Amino acid sequence: MVSFQTDSVEMPVIDEGKIGKWLAFVAGEYGMLVGNLCYRFCSDDVILETNRQFLGHDYFTDIITFDYTEGKKVGGDMLISLDTVRSNAEGLGVAYERELLRVIVHGLLHLCGEEDKGPGQRETMEAAENRALEIYDAL
């Protein structure tokens with residue numbers, strides 16, 4: 001089950017049904033099933049406090065993923081800063097909605113085992129995001 005919640009921000013306009021099907025398809029590409037995925041949209045202030053409290057990081061980020069995956073069933077809570085998504089979209093010259101989709105699937109890809117901190121991992125993650133976005137477009 002995929003759910004979307006807000007924390008003191010306006011809910012973005014998204015096609016929840018299509019996104020749920022898309023995430024299940026992408027998870028399937030990794031041999032995984034979708035369990036409980038909760039996406040919570042928030043502000044920069046909320047994500048910064050969460051980053052400090054749970055990860056010991058003192059910086060803004062677009063997404064924090066808490067992994068509750070069990071076996072082949074992906075599950076987790078994803079906190080997404082809509083402020084950072086918007087500023088990243090502007091900086092990259094892409095549509096806000098497109099950048100939001102990229103961040104949404106980024107969290108799922110982490111739950112499926114993709115990493116982005118080590119050598120070459122960022123490029124692998126970007127390729128996986130781009131492939132997932134192509135899948136979304138084809139649905």
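Okay, so let's go over this structure. (Residues numbered from 1 in each chain as written. Predicted model: local features only at pLDDT ≥ 70, side-chain atom pairs only at ≥ 80, totals over all residues. Heavy atoms only, no water.)

## Some remarks on the sheet that holds strand S2 (residues 33–42)
As a reminder of what qualifies: For two strands to count as paired, DSSP must find a minimum of two bridges between them. Each helix is a run of DSSP H or I of at least 4 residues and each strand a run of E of at least 2, with the numbering of both proceeding from the N terminus. Interaxial angles span 0 to 180 degrees and are taken between N-to-C directions of axes, which are lines fitted to C-alpha atoms, for helices over the stretch in contact. In this analysis, two residues are considered to be in contact whenever any of their non-hydrogen atoms come within 4.5 Å of each other.
Judged by pairing direction, the sheet is mixed, and its four strands sit side by side in the order S1-S2-S4-S3 without closing on themselves. Each edge of the sheet is formed by a strand with only one pairing partner; in this case those strands are strand S1 (2–6) and strand S3 (63–67). Direction aside, the axes of adjacent strands within the sheet are offset by 15° on average. With five bridges joining them, S1 and S2 adopt parallel strand pairing. Bridging from a neighbouring strand, Phe-4 pairs with Tyr-39 of S2. Set on the sheet, helix H2 (residues 44–55) makes contact with S2, S3 and strand S4 (73–81); between it and S3 the angle comes to about 45°. Against the sheet, helix H4 (residues 96–111) makes contact with S2, S3 and S4, and its axis sits at roughly 140° relative to S4, the strand it touches most.

## Section: the packing of helix H1 (residues 16–29) against H4
The condition that has to hold: What sets the label is the angle itself: under 35 degrees gives roughly parallel, over 145 gives roughly antiparallel, 65 to 115 gives roughly perpendicular, and the rest give oblique. The hand of a helix crossing depends on one turn: near helix anticlockwise from the far one by less than a right angle means left-handed, and clockwise means right-handed. Under the scheme applied here, ten amino acids are nonpolar (Ala, Val, Leu, Ile, Met, Phe, Trp, Tyr, Cys and Pro), four are charged (Asp, Glu, Lys and Arg), and all others, including Gly, are polar.
Interhelical geometry of H1 versus H4 gives an angle of 40° and a closest axis separation of 10 Å. Classed by the angle they form, the pair H1 and H4 counts as oblique. Like other packed secondary-structure pairs, H1 and H4 cross with a definite hand, here right-handed. Taken together, the residues of H4 that come into contact with H1 (itself represented by Ile-19, Trp-22, Leu-23, Val-26 and Ala-27) are Leu-101, Ile-104, Val-105, Leu-108 and Leu-109. Tallied by class, the residues present in the contact of H1 with H4 amount to 10 nonpolar, no polar and no charged.

Remember, this is a structural readout, not a statement about activity or role.
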